[in-house]
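Breakdown of the fold
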Amino acid sequence: GYGRVRAIVDDHGDRSPEAWPSAPVTISGLGEVPDAGDQVFVVKNLREAEAAAKERVTAERQRSLTRERVTLDNILDRMTEAEKKELSVILKGDVHGSVETILATLAKMATEEVRVTVKHSAVGGISESDVALANASEAIIIGFNVTASGKVRRAAEDSGVDIRYYDVIYDITDDIEKAIVGMLDPEHRMELLGHAEVREVF
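Treat the numbers as computed from the prediction; the structure is a model and nothing was measured. (Residues numbered from 1 in each chain as written. Predicted model: local features only at pLDDT ≥ 70, side-chain atom pairs only at ≥ 80, totals over all residues. Heavy atoms only, no water.)

Focus on the overall build of the protein chain
The secondary structure content of the protein chain amounts to six helices and six strands. If you list the helices and strands of the protein chain from N to C, you get β-β-α-α-β-α-β-α-β-α-β-α. For the protein chain, the share of sequence-separated contacts (at least 6 apart) that also reach a separation of at least 24 residues comes to 62%. Taken as a whole, the protein chain presents about 15,600 Å² of accessible surface, with 52% of it coming from carbon and sulfur. (Helix = DSSP H or I, 4+ residues; strand = E, 2+ residues; numbered from the N terminus. Contact = heavy atoms within 4.5 Å. Areas by Shrake-Rupley, 256 points an atom, 1.4 Å probe, with all protein chains shown as cover.)

This is the structure:
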């Protein structure tokens, strides 16, 4: 994201010409909402800022499109992975830290038979595009400390998309574990009840 800073407002609601280290301020003028830990760079003019932002967006898109090539060495692993059942999830959270924590937790919940795949994760409320993606990828939407508007809820109901709201991470893991258990194939066991001997056939 990039932009020209148009206003700096301190925690008392007063405009300020500058922001000191550790001072909480509200900045208006940026085209994107930054995540916690993002760096802010100052350049000479808006044209340089736009060029740098586009370059980073292009680089990020290239990384996301990069896929591991299929070779004779890894094709068996890929075939085995393809046979696994998949639990698809779209994750939306209130802050970047919560989203990162939940992503790390979900990554550890895969089993030999079921893998948990996060189709999309971001900070912010649940949107209609999230519902459309969930419908296309047969995913459930997890909202952590965020909500969806009435319009989005109606769209989810019309398309049969399941939206679940949480404010405790442990509740998310409990529900995901129950879903994984439900997707596992049942184990067929033979229980020996007794023996019979056929003495004669009529």
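Some remarks on the pattern of salt bridges
According to the stated counting rule, one finds eight salt bridges in the structure shown. Among the salt bridges present, the one from E86 reaches K119, with a minimum N-O distance of 3.6 Å. In this pair, E86 is assigned in strand β3 (residues 85-93) and K119 in strand β4 (residues 114-123), connecting sequence segments 33 residues apart. E86 gets classed as partly exposed once you look at its relative accessible area, which sits at 31%. Between R199 and E197 there is a salt bridge; the shortest N-O distance is 3.6 Å. You'll find R199 and E197 in the same group, each marked exposed. (Salt bridge = Lys/Arg side-chain N within 4 Å of Asp/Glu carboxyl O. Buried < 20%, exposed > 50% of the residue type's maximum accessible area, 1.4 Å probe, protein only.)

Structural notes on the nonpolar core
Formed by 16 residues in total, the largest nonpolar core has its most connected members in V89, I142 and I176. Of all the elements in the fold, those that place two or more residues in this core are β3, α3 (96-107), β4, β5 (140-144) and α6 (169-183). Apart from the residues lying within four places of it in its own chain, the contact partners of I176 are L87, V89, L106, M109, V116, I140 and I142. Of all hydrophobic cores here, the second largest spans 12 residues; its members include A139, I141, V152 and I163. (Core = buried A, V, L, I, M, F, W, Y, C linked by side-chain atoms within 4.5 Å.)

Describing the sheet that holds β5
The strands making up a sheet are joined through hydrogen bonds of the backbone, oriented either antiparallel or parallel. Ordered by their spatial adjacency, four strands build an open sheet running β4-β3-β5-β6, and the pairing between neighbours is parallel. Every other strand in the sheet has two partners, leaving β4 and β6 (163-166) as the edge strands with one partner each. Across the sheet, the mean angle from the axis of one strand to that of its neighbour is 25 degrees, orientation sign disregarded. Across the sheet, α3 is in contact with β3, β4 and β5; its angle to β4 comes to roughly 170 degrees. Each of β3, β4, β5 and β6 is contacted by helix α4 (residues 128-137), which is oriented at about 175 degrees to β3, the strand it contacts most. (Pairing = 2+ DSSP bridges. Axes fitted to C-alpha atoms, helices over the stretch in contact; angles between N-to-C directions.)

What about unusual backbone geometry?
In this structure, S22 is a non-glycine residue whose phi angle is positive, near 70 degrees. Within the element layout of this structure, S22 appears in the loop between β1 (3-10) and β2 (25-30). The exposed category is assigned to S22, whose relative accessible area is 82%. Although it is not a glycine, E138 sits at a positive phi angle of roughly 55 degrees. Within the secondary structure, E138 is located in the loop between α4 and β5. According to the relative accessible area criterion, E138 is exposed, its value standing at 72%.

Here's the deal with the pairing of β4
Looking at chain direction, β3 and β4 are connected through nine bridges and run parallel. Its bridge partner lying in β4, K92 is registered against A122.

Looking at the side chain of T173
Tracing the sequence through the fold places T173 in helix α6. Residue T173 is classed as buried on the basis of its relative accessible area of 12%. The residues contacting T173, other than those within four sequence positions of it, are T105 and M109.

A word on the packing of α4 against helix α5 (residues 150-159)
Between α4 and α5, whose axes approach to 9 Å, the crossing angle comes to 15 degrees. Judged on the interaxial angle alone, α5 and α4 are roughly parallel. Where α4 crosses over α5, the two elements pack in a sense that is right-handed. Counting all contacts with α4, which are made through E128, V131 and N135, the residues of α5 involved are K151, V152, A155, A156 and S159. Taken together, the residues of the contact of α4 with α5 sort by class into four nonpolar, two polar and two charged. (Parallel < 35°, antiparallel > 145°, perpendicular 65-115°, else oblique. Left-handed = near helix turned anticlockwise from the far one by under 90°. Nonpolar A, V, L, I, M, F, W, Y, C, P; charged D, E, K, R; others polar.)

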